[in-house]
Amino acid sequence: MMSKSSKLKHKKTRKGRKTHEFLFDTIVPSSIVEQAKAFTAPRGRLEMGGLLIGHVDEEGRNVCAIGFFPEQIEATPGYCEFDGKWMAISANAISHANKVGGDDKKIPNLRVIGWIHTHPDIGIFLSGIDVKTFKQNISYTKDGRFVAVVVDPLREENGVFQDPNKPNKFSAATGSLKLPEGLKERYLSFLANMEDVRNKQGKGALPFIIPGDLRSEHTARGFNDDYTETYFLGFHQIKKEFHQFQERISKMAMSNIENNNDIRNVGKQQKNFESSVNDKFQYLNEEVQKITNDISLLYSMVEKLKEENSLALKQHAEATAAAAKAAEAARFKRGQRAQETQQSFIYWGGLNLINQINHLLSQGLVHDAQKVLSSFLFHMPENQRGDKQLGVTE
Ligand SMILES: [Zn+2]
């Protein structure tokens, strides 16, 4: 599958599998991407793919000089495919072209050197499918020389990829080619051959030939200038878009007028709404005023009640204090009287007893005096109970 060319550098991966590093410098003139862009831009978001024809120059670089976009079998945003027969058709045209100039070894042979495809408005990179296609194309070569060119005709970007393992590493097409006469003739021969193919198979089969920097020489030989045609198609496209744009603007203007009417209607509705809101607001205001009055009335009533209550509480407290004072005074008075009564009882009782005993003793009745004293002592509790008869009550 892979080539055995000594120009390929081999390195061992950690898994021990051999991989290749493609270190060939690549030259893609800007005319190729310019022409590809002009042709593919009117197709919008549909991808398109084609082949690039080139040679290896004396410094060992891959040079892409010309190419073509054949009819697409499948074209979607994100995928494109053309028939594999175009490889064979190219190979046939190449073998014819390489006979031009005889077997002059100084003139490099033409070859299919690359693949060009578009990425409309998705930018420049190699997708998973692109990497697979790129690797497959490299595997078809004898020396691993193959280039991938990606063009974004809508963002006006392009990328030249040399290594399928580096899907985000690319350079831009640049400059122009200075081809020696013999080599130029081989390229012009290839282009003429492709014009033949187109004559036989129809413009639909081969819609665009990329003459690159050989455009003027190619058309000078009486061939159709695809680029100019494309350019006019593009111009027509622009005119069409301009008309559509004008229509859009006039539609927008119309819808603006409608909007203005709508705005007026909305204004009326808003005024109605505002006046109804105002009415409701006024009513609410009145209601609120009523409620506020009621509340303040209630407040004043509560205040009055509070005052009355506090007065009542005060009077009650005063009355209670006075009652307590009176009770205290009465208790004190009672206590005092009880004390006085007790004292007078003890005093008078005692005095009476002493007089009685003295009287008995003065008559010599010692025994009686003793009896009175012991009787007194014996009846002590009775005497005390007799307090009640003296009016000492609680
Ligand atoms: Zn792609």
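Values in this document were obtained by computation on a predicted structure and should not be read as measured data.

### Some points on the overall build of the protein chain
When helices and strands are counted, the protein chain shows 8 helices and 11 strands. Counting across all 394 residues of the protein chain, residues that qualify as buried make up 23%. Pairs at least 24 apart in sequence give 72% of the contacts found in the protein chain among residues at least 6 apart.

### Examining the pairing of strand β6 (residues 72-76)
When β6 meets strand β7 (residues 79-82), the two strands line up antiparallel, connected through 4 bridges. When the bridges of β7 are listed, Gln72 appears paired with Phe82. Where β6 folds back on β7, the antiparallel hairpin that results is connected by 2 residues, among which Gly78 adopts a positive phi of roughly 110 degrees.

### Here's the deal with the packing of helix α2 (residues 85-97) against helix α4 (residues 181-201)
Taken N-terminus to C-terminus, the directions of α2 and α4 make an angle of 135 degrees; their axes are 8 Å apart at the nearest point. By the angle between their directions, the pair α2 and α4 is classed as oblique. Where α2 crosses over α4, the handedness of that crossing is right-handed. Every residue of α4 that contacts α2 at Ile89, Ala93, Ile94, His96 and Ala97 is listed here: Arg186, Ser189, Phe190, Asn193, Met194 and Val197. Of the residues that constitute the contact of α2 with α4, the class distribution is 7 nonpolar, 3 polar and 1 charged.

### Remarks on the environment of Val150
By secondary structure assignment, the location of Val150 is in strand β9 (residues 147-152). Judged by local crowding, Val150 falls into the buried class, with 24 C-beta atoms found within 10 Å. On a C-alpha basis, the gap between Val150 and Thr118 in space is 5.5 Å, while along the polypeptide they are 32 residues apart. Contact partners of Val150, with chain neighbours within four places excluded, come to His117, His119, Ile124, Asn158, Gly159 and Phe161.

### Focus on the nonpolar core
In terms of nonpolar packing, the biggest core is built from 52 residues, with Leu52, Ile53, Cys64, Val149, Tyr187 and Phe190 touching the most fellow members. Among all residues touching Val149, those that are not within four sequence positions of it are Val28, Val33, Leu52, Cys64, Gly114, Ile116, Asn158, Val160 and Ala173.

### Remarks on unusual backbone geometry
Positive phi, close to 60 degrees, is recorded for Asp121, a residue that is not glycine. Mapped onto the secondary structure, Asp121 falls in the loop between β8 (111-118) and α3 (128-140). The exposure class assigned to Asp121 is partly exposed, which follows from the 13 C-beta atoms found within 10 Å. You will see that Glu156, though not glycine, has its phi angle at about 60 degrees, which is positive. Positionally, Glu156 belongs in the loop between β9 and β10 (157-161).

### Quick notes on the confidence of the model for the protein chain
When pLDDT is averaged along the protein chain, the result is 82, and 87% of the positions lie at 70 or above. For the stretch residues 1-20, pLDDT sits under 50, and the model shows 24 contacts to residues farther than four places along the chain or on other chains. Note on residues 385-394: pLDDT under 50 across the span, and 7 contacts to partners over four residues away in sequence or across chains.

### Description of α4
Given a rise of 1.5 Å per residue, 21 residues ought to cover 30 Å, and the 30 Å separating the end C-alpha atoms of α4 matches this to within 8%. Three or more residues of α4 are buried, namely Leu183, Arg186, Tyr187, Leu188, Phe190, Leu191, Met194 and Arg198. Close packing links the buried residues of α4 with β4 (49-56), β5 (62-69), α2, β11 (208-210) and α5 (215-220). A positive backbone phi angle near 95 degrees is found at Gly202, which sits one or two residues after α4.

### Here's the deal with the environment of Pro42
You can see Pro42 is positioned in the loop between α1 (30-40) and β4. Along the sequence, Pro42 and Pro153 sit 111 residues apart, while their C-alpha atoms lie 8.8 Å from each other.

Rules behind the numbers
- Residues numbered from 1 in each chain as written.
- Predicted model: local features only at pLDDT ≥ 70, side-chain atom pairs only at ≥ 80, totals over all residues.
- Helix = DSSP H or I, 4+ residues; strand = E, 2+ residues; numbered from the N terminus.
- Buried ≥ 20, exposed ≤ 12 C-beta atoms within 10 Å, placed from the backbone.
- Contact = placed C-beta atoms within 7 Å.
- Pairing = 2+ DSSP bridges.
- Axes fitted to C-alpha atoms, helices over the stretch in contact; angles between N-to-C directions.
- Parallel < 35°, antiparallel > 145°, perpendicular 65-115°, else oblique.
- Left-handed = near helix turned anticlockwise from the far one by under 90°.
- Nonpolar A, V, L, I, M, F, W, Y, C, P; charged D, E, K, R; others polar.
- Core = buried A, V, L, I, M, F, W, Y, C linked by C-beta atoms within 7 Å.
- pLDDT = per-residue confidence, 0-100.
- Expected span 1.5 Å × (residues − 1).

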